[in-house]
Amino acid sequence: KEKGKEKPQTKAPTLDYSKWSNIVDSDDEEDPRVVDEDVGVKDLAEGAKAKKEPPIPDYLLGSTGGGGGTNCLTSIVKMLDSEQTQENVHQLAQVFGRSFHSAMLDAERQEFYRKALTTLTTSVPSAFVVILGLGSVLPMLTAKQHFQGMLLESSEKLGKLAEELLTNNQNENFEVGIVKALDDEESILEVLRPKLVRHSTVVVLTERMAHDLLSNGIVPCCLSCHKAVKKLLPSAEILHIPQTVELLAAPGEIRSDRLGSFDIRPFNALRHTSSNEKADFWWWPVRMDNQQNTICSILGPSKTLCGFDFQRAPEIGLEEVRRPLKLQATQRGRCNCACLWWVAKFRHLEFSTRPALAAGKDGKDGKDGKAKRSEWKQAIHYLAGETALFPGDVIEVLVSITPRFTFRMMQQSPMSVEAPMWVQAPTNSKFSATLPILPYHFLMMTDLERLDVYQRALKATIKQQAAKLGRRVRVLDAGCGIGLLGLSAALEGAEVWLCEAVPLMRHVCREVVAANSGLVAEKRGLVQLLPPMMSTRLHTEEVPNFDIVVSEVMDLWCLGEGIIPTMRHAHKKLLAPNGVLLPGKLRVYVQPLELSLWREVEEGNQVDLQPLSQRFRSKFSALRIDQFPHRYLTKEPILAMEIDLANLPAQPAEGEANIEGGVKLCIRMGKKPALSAKVVSSKIHHRGMLSGYGLWWSADLAGHQVTSDPSNPQRSWKQLVRWLDEPRFVEEQEEIQVLTCYNDQQVNVEDIHLTREMIEQYQQQQAATLNVSS
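Here the structure is a predicted model, which is why all the values come from computation and not from measurement. Throughout, a residue's number is its position along its own chain's written sequence, starting from 1. Restriction of local features to residues with pLDDT of at least 70 applies here, the model being predicted, together with a cutoff of 80 or more for giving and counting side-chain atom pairs; totals for whole chains, interfaces and linings are based on all residues. Processing note: side-chain calculations cover all non-hydrogen atoms of the structure and skip hydrogens and water entirely.

Colleague: What's the story with the overall build of the protein chain in this structure? I'm lost.
Modeller: Numbered from the N terminus, helices here are DSSP runs of H or I no shorter than four residues, and strands are runs of E no shorter than two. On a plain count of helices and strands, the protein chain comes out with 17 helices and 36 strands. Relative to its full complement of 774 residues, the protein chain shows a buried share of 50%. By definition in these notes, contact holds between two residues if any of their heavy atoms fall within 4.5 Å. Considering only residue pairs separated by 6 or more positions, the protein chain has 80% of its internal contacts joining residues 24 or more positions apart. The method behind every accessible area is Shrake-Rupley, applied with a 1.4 Å probe, and residues are considered shielded solely by the protein chains displayed. About 37300 Å² of surface is accessible on the protein chain, with carbon and sulfur atoms providing 49% of the total. Whether a residue is buried, partly exposed or exposed follows from its accessible area with a 1.4 Å probe, protein chains only, as a fraction of its type maximum: under 20%, in between, or over 50%, in that order.

Right under this line is the structure:
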């Protein structure tokens, strides 16, 4: 400062922030931002004019008619006896065969009946035993060794089968009687009248229980038989096996929460049913001890819903009873269902469908670490919403019990979250349902292995396409379900279109996409949900060409959900040049195997079940091969067919050759020639009885494989077994041949076997032809 003066202050220069605009956090230096790209999620149906869409194909809908009130056993027995069942013969064989087989493999159940009959051999050795229904095959074959008796059956065909079984097992004491219905007292009385004369004790035995105890008619059948016997022998003692049955209920929680990195809680809306005229809040069979990747717990003690003592049959009424029921919670959870199981007793013996969860166990049997497999599951009665429960809280439900029919429940106490109005169980002329979707969707929501394979394939393919194109990759998820594959692509930064035809499933997809929108935006992806439509109706006037089309519309047959028409249209109309289909190829494998579904039961019980296995032999069976004793007769599976989805054959003309290899034959499937057919040969490596061929498939996802192979840990698909009409013994190095063909919706496999007699006859015909020519 000069003396007496202040130096004037200079104004500081304005900072130029523009040069900082390109500075990024060190973590982002290798990931330059794209500031103009749209990110997040969109519903493209909002504000758009609704289009009238064609009907959804049956294979997307299926029949979800299930638990409660349908008395499925009575219905299929009527179908079995009907003369108009040729088109359903294989389905009926599968249904009955599976039912008989699983019942006889239920060791605890069969032990209950075996011990009950054993106690009677000492206490009442002269008793006359009446068995209600051929479902009790093993108890019938046990009882005939010690007692006189009769099996009552309402089906002519099942009655004839019972006679064959008794004959094959050296029967001398049992007969078969055909009645109009097993709950028809007068019909039972007339059939039993000639047989019940001076017996002092009559035993009525049945296994006509269902998952919910009631639906197969155990109560009216036992009551009708009891009354008929009482009229014929007023002073006789009537014993029942089981003597008492009791149905119990407990508050439960069965919910999906996350699958991998995705929040799938909106999917739980499909576990609820809103009212419809034919199916209102009814139960669904669930094996509670086998719910992987699912929140599954019993939240409180069980309470008795209803019980029946058949010794007091005259006091039992069949009218509907309504009663309130209070279910108390002892642990925290979100109650969305009532879990029901039942207990059957005879004297000191007991058999129950109680899950191991109810006792705090894991459901393993301790021998091989696998869950116990009973024919009967638990009856899960999903409620119309969820209720947050803490220890001491109570849920009040109104229960309607019809002993002839089933039960129903309706929650009376307030819910934390009610089922949305758009959740409706379908009702049409073909069927009514108790849940709005097919049961296998719940299983698929636990299959982390399947999702993981698709995610790895999408990540690698999107990275390759992005490097090639120099822009964000466009992906179509065709038949997206709840959208997990499309969301997986969006997490890799892709621009995704989701296409789903079923309106209800699309609505759930919308909710799931919204629940994961923050994750999509964080990863700079974009998800756009198209209006409900089949992907085969899409054209490039409405959407851009796609760099990747991904789909997972495969079933256990591989082709049954429309993967061929989906990918044919995508490749022709929607895929950009050098675009990628996921899957791009399908491979069908077969492997000859020795497998007898009935051998384990026959050897374990020393019985002959050949009439049963012959009567209920189906062309194909869907099963998990590794759950049954079996032996493969070749070292490796045989590649029977490869389908290139980017190069599908055109539909052959009538009579046009369609076998690979130049053979001049036209193989038909149904009313049209197959798209393609192929004959493969292989050598047998292990001699044995050739029962049929195991069949599974593999889908190629740009080098990654999703497969229904028995050794794969996925849970979504079983395998198929193509049974031979007549099993035959094969030697090592013997050659086998398999014909495989396919069309748009189906794969078929046929064993080609020429006997020595057929070959000699052919050679003689050829020689005779040559002699005539000479």
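Colleague: Would you explain the packing of aromatic side chains in this entry?
Modeller: Where two aromatic rings form a pair, the distance of their centres and the angle of their planes describe that pair. The aromatic pairing rule takes the rings of Phe, Tyr and Trp, using the six-membered ring of Trp, and pairs them if the centres are within 6.5 Å, calling planes under 30 degrees apart stacked, those over 60 edge-to-face and the rest tilted. Under the defined criterion, the tally for this structure stands at 10 aromatic pairs. When the ring of Phe112 is compared with that of Tyr113, the centres are 5.2 Å apart and the planes differ by 85 degrees; the resulting orientation is edge-to-face. Tyr113 matches Phe112 in its accessibility class, with the two residues each being buried. With a centroid separation of 5.7 Å and 65 degrees between ring planes, the pair formed by Phe267 and Phe442 is classed as edge-to-face. Of this pair, Phe267 sits in the loop between β9 (262-263) and β10 (284-286) while Phe442 sits in helix α9 (residues 440-444), and the two are 175 residues apart along the sequence. Since its relative accessible area comes to 12%, Phe442 is described here as buried.

Colleague: Would you explain helix α8 (residues 218-232) in this entry?
Modeller: Two residues of an α-helix separated by three or four positions point the same way, owing to the 3.6 residues in each turn. In a regular helix each residue adds 1.5 Å, so 15 residues correspond to 21 Å; α8 covers 21 Å between its end C-alpha atoms and thus fits that length. For α8, the secondary structure elements touched by its buried residues are β2 (128-132), α7 (185-192), β5 (201-206), β6 (237-241), β7 (244-255) and β12 (303-309). For a helix, the expected span equals 1.5 Å multiplied by the residue count minus one.

Colleague: Teacher, can you tell me more about helix α10 (residues 448-469) here?
Modeller: Over its 22 residues, α10 runs 31 Å from end to end, which matches the ideal 32 Å to within 8%, given 1.5 Å per residue. Arg450, Leu451, Val453, Tyr454, Ala457, Leu458, Thr461, Ile462 and Gln465 are the residues of α10 that are buried. The arc that holds every buried residue of α10, seen down its axis, measures 155 degrees, which confines them to one face. For α10, the exposed residues set more than 90 degrees away from the buried face come down to Lys459, Lys463, Gln464 and Ala467. Note that the arc is computed from the directions linking the helix axis to the C-beta atoms.

Colleague: So what exactly am I meant to see when it comes to unusual backbone geometry here?
Modeller: Note the cis peptide between Ile241 and Pro242, where omega equals 0 degrees. Tracing the backbone shows Pro242 in the loop between β6 and β7. In this model, Leu582 is joined to Pro583 through a cis peptide bond whose omega is 5 degrees. Relative to the assigned elements, Pro583 resides in the loop between β24 (575-582) and β25 (585-594). The backbone of Arg347 sits at a positive phi, close to 50 degrees, despite the residue not being glycine. As for its position among the elements, Arg347 is in the loop between β14 (333-346) and β15 (349-352). On the basis of relative accessibility, which here comes to 45%, the residue Arg347 falls in the partly exposed class. Positive phi is not limited to glycine here, since Arg524 has a value of about 65 degrees. Within the element layout of this structure, Arg524 appears in the loop between α13 (517-522) and β22 (526-529). Overall, the relative accessible area of 40% leaves Arg524 in the partly exposed class.

Colleague: Mind showing me how you'd approach the packing of α7 against α8 here?
Modeller: For any two helices packed against each other, one specifies the crossing angle of their axes together with the interaxial distance. Between N-to-C directions, angles span 0 to 180 degrees; the directions come from axes that are lines fitted to C-alpha atoms, helices contributing only their stretch in contact. In the contact formed by α7 and α8, the axes pass within 8 Å of each other and the chain directions differ by 45 degrees. For the element pair α7 / α8, the angle class is oblique. α7 and α8 meet at a crossing whose hand is right-handed. On α8, the residues that touch Glu185, Glu186, Ile188, Leu189 and Leu192 of α7 are Ser224, Cys225, Lys227, Ala228, Val229, Lys231 and Leu232. Gly is placed with the polar residues, together with every amino acid not listed as nonpolar (Ala, Val, Leu, Ile, Met, Phe, Trp, Tyr, Cys and Pro) or charged (Asp, Glu, Lys and Arg). By residue class, the composition of the contact of α7 with α8 is 7 nonpolar, 1 polar and 4 charged. Throughout this description, any angle smaller than 35 degrees is read as roughly parallel, any larger than 145 degrees as roughly antiparallel, any in the 65 to 115 degree range as roughly perpendicular, and the remainder as oblique. The handedness criterion is simple: a crossing whose near helix is rotated anticlockwise from the far helix by less than a right angle is left-handed, and one whose near helix is rotated clockwise is right-handed.

Colleague: Can you walk me through the sheet that holds strand β1 (residues 40-43) in this structure?
Modeller: Picture the strands of a sheet paired through backbone hydrogen bonds; they go either parallel or antiparallel. Strand pairing is assigned whenever DSSP identifies at least 2 bridges connecting the two strands. Read across the sheet, 6 strands follow the order β1-β22-β21-β20-β23-β24 without closing on themselves; strand pairing throughout is parallel. Single-partner strands in this sheet number two, and they are β1 and β24. Going across the sheet, the axis of each strand differs from the next one's by a mean of 20 degrees, ignoring polarity. Here strand β23 (residues 546-551) runs beside β24; their pairing, made up of 4 bridges, is parallel. In the strand pairing of β24, Val550 is matched with Leu582. Of the strands in this sheet, β23 and β24 touch α10, which is tilted by about 170 degrees from β23.

Colleague: It is not clear to me how the pattern of salt bridges should be interpreted in this structure. Could you clarify?
Modeller: Opposite charge on two side chains makes pairing possible when the charged atoms of those side chains draw close. A pairing counts as a salt bridge when a side-chain nitrogen of Lys or Arg comes within 4 Å of a carboxyl oxygen of Asp or Glu. For the structure shown, the criterion picks out 27 salt bridges. Between Asp183 and Arg404 there is a salt bridge, with the nearest N and O atoms lying 3.1 Å from each other. With Asp183 in the loop between β4 (174-178) and α7 and Arg404 in the loop between β17 (394-402) and β18 (406-411), the pair connects residues that are 221 residues apart, well separated along the chain. Residue classification places Asp183 among the partly exposed positions, given a relative accessible area of 30%. Residue classification places Arg404 among the partly exposed residues on the basis of a relative accessible area of 39%. In this structure, Glu654 and Arg668 form a salt bridge, with 2.1 Å as the shortest nitrogen-oxygen distance. Taken together, the residues span a long stretch of sequence, with Glu654 in the loop between β28 (638-644) and β29 (668-669) and Arg668 in strand β29 at a distance of 14 residues. Since its relative accessible area comes to 60%, Glu654 is described here as exposed. Among the residues examined, Arg668 registers a relative accessible area of 40% and is labelled partly exposed. Each of Glu111, Arg114 and Lys115 takes part in salt bridges that share partners, so that together they form one network.

Colleague: Explain the sheet that holds strand β31 (residues 676-683) to me, please; I cannot follow it from the model alone.
Modeller: Read across the open sheet, the 3 strands follow the order β31-β35-β36; overall the sheet is antiparallel. The strands lining the two open edges of the sheet, one partner per strand, are β31 and β36 (747-752). Between one strand and the next, the sheet's axes are offset by a mean angle of 20 degrees, whatever the strand orientation. Sheet analysis places β31 next to strand β35 (residues 735-742), joined by 8 bridges and oriented antiparallel. Each residue of the ladder has a partner; that of Val680, found in β35, is Val738.

Colleague: Just checking my understanding: could you explain the pairing of β25 for this structure?
Modeller: Regular strands show a simple pattern: their side chains alternate between the two faces of the sheet. Counted residue by residue, β25 has 8 buried out of 10 residues, so it is predominantly covered. Note that β25 and β28 share 6 bridges and pair antiparallel. Among the inter-strand pairings, Val588 is bridged to a residue of β28, identified as Met641. Taken together, the 2 bridges between β25 and strand β27 (residues 631-632) define a ladder with antiparallel strand orientation. Its bridge partner lying in β27, Glu594 is registered against Arg631.

Colleague: Looking at this structure, how should I read the nonpolar core?
Modeller: The nonpolar side chains of a soluble globular protein tend to be buried, and buried together. Judged by nonpolar contacts, the single largest core of 108 residues is most densely connected at Leu134, Ile241 and Leu609. The biggest single contributor to this core is α8, with 9 residues. Excluding its chain neighbours within four sequence positions, the residues that come into contact with Leu609 are Met104, Val137, Leu141, Leu165, Trp598, Val601 and Glu602. Listed in part, the 91 residues of the second largest apolar core include Met445, Val588, Leu633 and Val749. Among the buried residues, those of types Ala, Val, Leu, Ile, Met, Phe, Trp, Tyr and Cys that are joined through side-chain atoms within 4.5 Å form a nonpolar core.

Colleague: Before we go on, may I ask you to explain the side chain of Arg450 in this structure?
Modeller: With respect to the helices, strands and loops of the structure, Arg450 is situated in helix α10. Among residues more than four places away in sequence, those in contact with Arg450 are Met444, Met445, Glu552, Val706, Ser716 and Trp717.

Colleague: Before we go on, may I ask you to explain the environment of Ala515 in this structure?
Modeller: By the element assignment, Ala515 lies in helix α12 (residues 503-515). On a C-alpha basis, the gap between Ala515 and Phe262 in space is 8.6 Å, while along the polypeptide they are 253 residues apart. For Ala515, the contacting residues outside a window of four places in its chain are Asp263 and Pro266.

Keep in mind these values describe shape, not function.
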